[in-house]
Structures are given as C-alpha cells and as structure tokens.
Amino acid sequence: MVASPLACRSMRDAWGLFDVAVMDAQPGTTGPAGLIARLRAKLTGGSSEASLTRRLAGTIFVIRVISAGLAYVSQVLLARWMGTSDYGVYVYVWTWVLLLGSMMDFGISASAQKIIPEYRTSGEQALLRGFLSGSRWLTFAVSTLVSLALAGIVKLLSPWIDPAEELPLYIGCMTLPAFVVANTQDGIARSHDWMQLGLMPQFIIRQALIIGLTAAAFLLGYHLGAVAAMVASAGAVWIAMTGQMLVLNRKLADHIGPGPKAYDIRGWLAISLPILLVESFYMLLSYTDVLVLQQFRPSDEVGVYFAVVKTLALVSFIHYAMSATTAHRFAEYNALGDKARLSAYVAHAINWTFWPSLAATIVLLALGKPLLWLFGPQFVVGYDIMFVAAIGLVVRSAIGPVERLLNMLGQQKICALAYALAFVMNLVLCIALVPRYGGHGAAAATSISLSFETVLLFWIVRQRLGLHVLAFGRRTA
C-alpha cells in the first residue's frame, strides 16, 4: 500500500523535519549542505521559542530515558534481591506513595505553570514572590497533616491489613511530605524553563539513591525485604528534595529581585483545585489496575504486572516530556492572545508525542521477552500482557498533551469530568475483569479506558477550542 502525502508529511513532522512557521523561520538553503544546516537549526540552533522548546524537549526526553533506565535497573535488582512476594508488597506501598503524593499538593505543581507565566506577563512581582515561597510552605504543611492522618488510618485498620504491609505503609506516610514538596518545586522550576532542576532530583538522583542504598544494604548482608526497600526509598526522596530546594532557592534569588510578597491563596486554589481533580483522576486511572490487582490476585502476580508496566514506561515518558515542556507555553501564548502561535505550538506538541511513542512501543514489544527476563525468568509470563497494555498507550499518545492545553486555557472542569468518567470506567472494568483474568484483565480495562478518554478529550478540544488534535488530519475545525 502506498502511503498518502498526508501520512508522509506526518511522519516527517514527527522527527523534527518540519517548519512551525509561526514560531520559527528557517533560511532557504538547498542541497546536502542546506539540509544539514536545516537539521542543525531544527535540533539545536536558534533562540526562538520553537528552537528552545525542541532543546528543552530533548533535554527532558534524555532525562526521562536515563530515568527509565535507572528505574528499570532498580526494579530488576529489587525483584531479584527481594523475591516476588516482598517485591509485590513494596510495589503496592510505593504505588500508594506515588498516587497520594501526586494528589496532595492541591494541583499547585501543575497550576504553577499557569500562575507563574501569568504573573510574569502582567508584572505582578509581589504576587510572584509570594507564590514561589508560599506555595511550598502551603503544600508541606498540609501534606504533613494528611500524612499523620493516613498513619492513623493505617493504625485503625491494622487488624485487617496484612502484617507484611503495615510497617511499609507507615514508612510510606513518612515519605509523602517530601514527595509533595518535590512535586511543587518541579512545577516552579519547569515554569522558568529549568527542566534539569525540575526533573533530575526526582527522576535521576532519587532513582540513583534508591539503587545505591538498597545495594549497600544487600552487600552488607541485611535482609532486603519490603521494609528495607521502603526505608531506602523514603531516604532517597527526602535527600533529593532537600538538595533540589537549596539549588532552586539560589536560582530564584538570582532571577527575581527582593521585595514585598503578596499571597493570593484563594486565587491559587481557584486555579489549582480543578487541575487537582484532573491530576487526581489521571493518577487514579494510572494506578487503579495495580491497586485492584493487589486486592484480587497474589503478590507475585502483582509483581509480574508491575514489571510489564515498567517495561512500557518509556512510551508514557515521551508523553510526559512534551507535557512538561509545553504546558507553561500554552498558558503564555494564551495570556498574550497569540492564537496563531498557540495553534502551531499545539500541532508541534502532538506530533512530537505520537510518532516517537509509536516507534518506542514497536521496539519495546519486539524486545519484550528479554527485557522481562531481566526481572527474573518467572516474569516472562507477562509478555503477552504487554501487547494488551500497549494499545491504550499508543491510542492516548495520538492527541498529545491536550489535557495540559485544556488546563492552561481555563477548561479544567470539563477536563476533570473527562478523566473522572475514564477513571470510573477503568475501576468498573478492573473489578469485573481482574478476578477472572488477572493481569490480562487489568491491562484490557486500562487500555479500553484510555481509548475512551482519548475520544472524549478529542471531542472536548474540538468543541471548546476549535482544534483538531490528532497526529494526522486537519488542525482546525
């Protein structure tokens, strides 16, 4: 079958050989030398926003690839050192940390990418200074109180909790305040285009510390069970967050002059809470499969499924990289009223999400068995689950980071509703399918829910913003 001109153009766009004419003009050279010059300009050159975005996206992608490698190594080592049962308990507790920690900041880590550009654009320096410090104090105080309440709940429910899970859950509660502050600082750093500062402490330094601490315990002869692994993870989170805070404070002091601070907490929450709903339902959608699987299937099966999810993580990392790069640009272009630049930027983000995601999925499926074998020979039984789980990830990548687009353009409530419906569908399908089909049922439920969410978000953006947000087809309605 011969590819259509449209398909060829989309494939070319995906790898950066296209012109976002509104954002970035290129010289009209021809021939091999001209092609090389244009490629260099596209990937590394220029000071325009499009070139900056490509460099930042490349930086984020490299960080996430390194992070994926470190996370993969850490999970492989933990699975081999701990055994499937202890590894399953650790995965269960760490999933709760990831889920709750991502929701306990009121959505401020995401809304920072809307609030900070708007304060900068309007010149409200006092409010900007107040947000940069007050947002972190606010999230730390509240997350500490919530963590204490969660520890109390664990105590009350201890007669019904598996004894092997109780102490790791307490350690997880101790981890949450640092995790939440790190997320808030990530949003602040990304809003200033400090992508390395925002991402490296959480995705590289933290992973490296987990590997180093657990390896030290293993080599020293300590029993590396779920408790020891959670202690190492908690220590890594606190150390990485503290270092990030010191560097961020120094960079902010150089970037923003001293002066009075104003705190519009009510205004922050008015923007953040709807975004929190979006982020919360997204996280619930992401982790429902693991949490439901833990309730109905043995811990070793949870460990196998989690290994499958980790193996496919690179696909979702590509989506995350573009979301992290583009969100505050969406808010900035909208605040400036530059609709043409916004439309071009959306198309840019979608193509750079879908085509690399599709390529990564094909490669991961081709190498699935040897990658799962790294966790241990018993994990290879999850290979066929990878194909089911990959469907939802590819479908979701076809519309790029449109949830960030909706959040940044004041459409948080309708976006939250879409995610809520997808979460409910995922929960119902998981409960229906997991008891009988195990990991296959969990993967099928998640893929169906992600496909439903994709169709819903596509329709919302088309109706509310007049954009055709697919990696192929017309860009405007």
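Residues numbered from 1 in each chain as written. Predicted model: local features only at pLDDT ≥ 70, side-chain atom pairs only at ≥ 80, totals over all residues. Heavy atoms only, no water.

With that settled, the discussion passes to helix α14 (residues 383–397). An ideal rise of 1.5 Å per residue puts 21 Å on 15 residues; α14 measures up with 22 Å between its terminal C-alpha atoms. Helix geometry: α14 is bent most strongly at Ala389, by close to 25 degrees. Looking at α14, one finds that the buried residues are Tyr383, Ile385, Met386, Ala389, Ala390, Gly392, Val394, Arg396 and Ser397. (Helix = DSSP H or I, 4+ residues; strand = E, 2+ residues; numbered from the N terminus. Expected span 1.5 Å × (residues − 1). Bend = angle between axes of the 7 residues up to and from the residue. Buried < 20%, exposed > 50% of the residue type's maximum accessible area, 1.4 Å probe, protein only.)

Turning next to the environment of Ala444. With respect to the element layout, Ala444 can be found in helix α17 (residues 439–465). Ala444 sits 15 residues away from Leu429 along the chain, and the two C-alpha atoms are 8.4 Å apart. Discounting residues that sit within four places of it in the chain, Ala444 has contacts with Val388 and Leu433. (Contact = heavy atoms within 4.5 Å.)

Within this structure, the stated rule accounts for 11 aromatic pairs. For the pair Tyr87 and Phe379, a centre-to-centre distance of 6.3 Å together with 80 degrees between the ring planes defines the contact as edge-to-face. In this pair, Tyr87 sits in helix α3 (residues 49–101) while Phe379 sits in the loop between α13 (368–373) and α14, placing the two residues 292 residues apart along the sequence. Classification of Tyr87 by relative accessible area gives buried; the value is 0%. Through successive ring pairs, a cluster of aromatic residues spans Tyr87, Phe375 and Phe379. For the cation-ring pair, Arg80 lies above Trp373, with the distance from its terminal atom to the ring centre recorded as 5.6 Å. Above the face of the Trp194 ring, Lys251 is positioned so that its terminal group lies 4.8 Å from the ring centre. (Phe/Tyr/Trp six-rings, centres within 6.5 Å; stacked < 30°, edge-to-face > 60°. Lys NZ or Arg CZ within 6 Å of the ring centre and 35° of its normal.)

Turning our eyes to something else, we now look at empty space enclosed by the protein. The method is simple in principle: a probe with the dimensions of a water molecule rolls over the atoms, and the space it marks as empty is what remains. If you walk through the whole model with that rule in mind, you get 3 cavities of 30 Å³ or more. Looking at the second largest cavity, its volume works out to about 40 Å³. Forming the walls of the second largest cavity are Ala182, Pro201, Gln202, Arg206, Val237, Ala240, Met241 and Gln244. Counting residues per element, the ones that place at least two in the lining of the second largest cavity are α7 (195–219) and α8 (226–255). For the lining of the second largest cavity, the element with the most residues is α8, which contributes 4 residues. Considering only residue class, the lining of the second largest cavity consists of 5 nonpolar, 2 polar and 1 charged. (1 Å grid on protein atoms, 1.4 Å probe; cavity = no way out; pocket = protein on both sides within 12 Å on 5 of 7 lines; lining within 4 Å. Points joined across faces, edges and corners; volume = space filled by probe spheres on them. Nonpolar A, V, L, I, M, F, W, Y, C, P; charged D, E, K, R; others polar.)

Attention now goes to the nonpolar core. Counting residues in each nonpolar core, the largest one holds 67 residues, and the members touching the most others are Met82, Tyr87, Tyr90 and Phe375. Looking at which element gives the most residues to this core, the answer is α3, with 15 residues. Look past the residues within four positions of Phe375 in its chain and what remains in contact with it is Tyr72, Gln75, Val76, Ala79, Arg80, Tyr87, Ala307, Lys310 and Thr311. Tyr119, Ile188, Leu252 and Val278 belong to the second largest nonpolar core, which has 56 residues in total. (Core = buried A, V, L, I, M, F, W, Y, C linked by side-chain atoms within 4.5 Å.)

All chains considered together, the criterion is met by 5 salt bridges. Note that Lys114 is salt-bridged to Glu118, the shortest N-O span being 2.9 Å. A residue pair is termed a helical-turn pair when its members lie 3 or 4 positions apart in one helix, as Lys114 and Glu118 do in helix α4 (residues 108–122) at 4 residues. Take Glu118: its relative accessible area is 27%, and that puts it in the partly exposed class. For the salt bridge of Glu403 with Arg396, the shortest nitrogen-to-oxygen distance reads 2.4 Å. For the pair formed by Glu403 and Arg396, the shared burial category is buried. By sharing partners, the salt bridges in this structure join Arg396, Glu403 and Glu453 into a single network. (Salt bridge = Lys/Arg side-chain N within 4 Å of Asp/Glu carboxyl O.)

Scope: geometric values only; no functional claims are made or implied.
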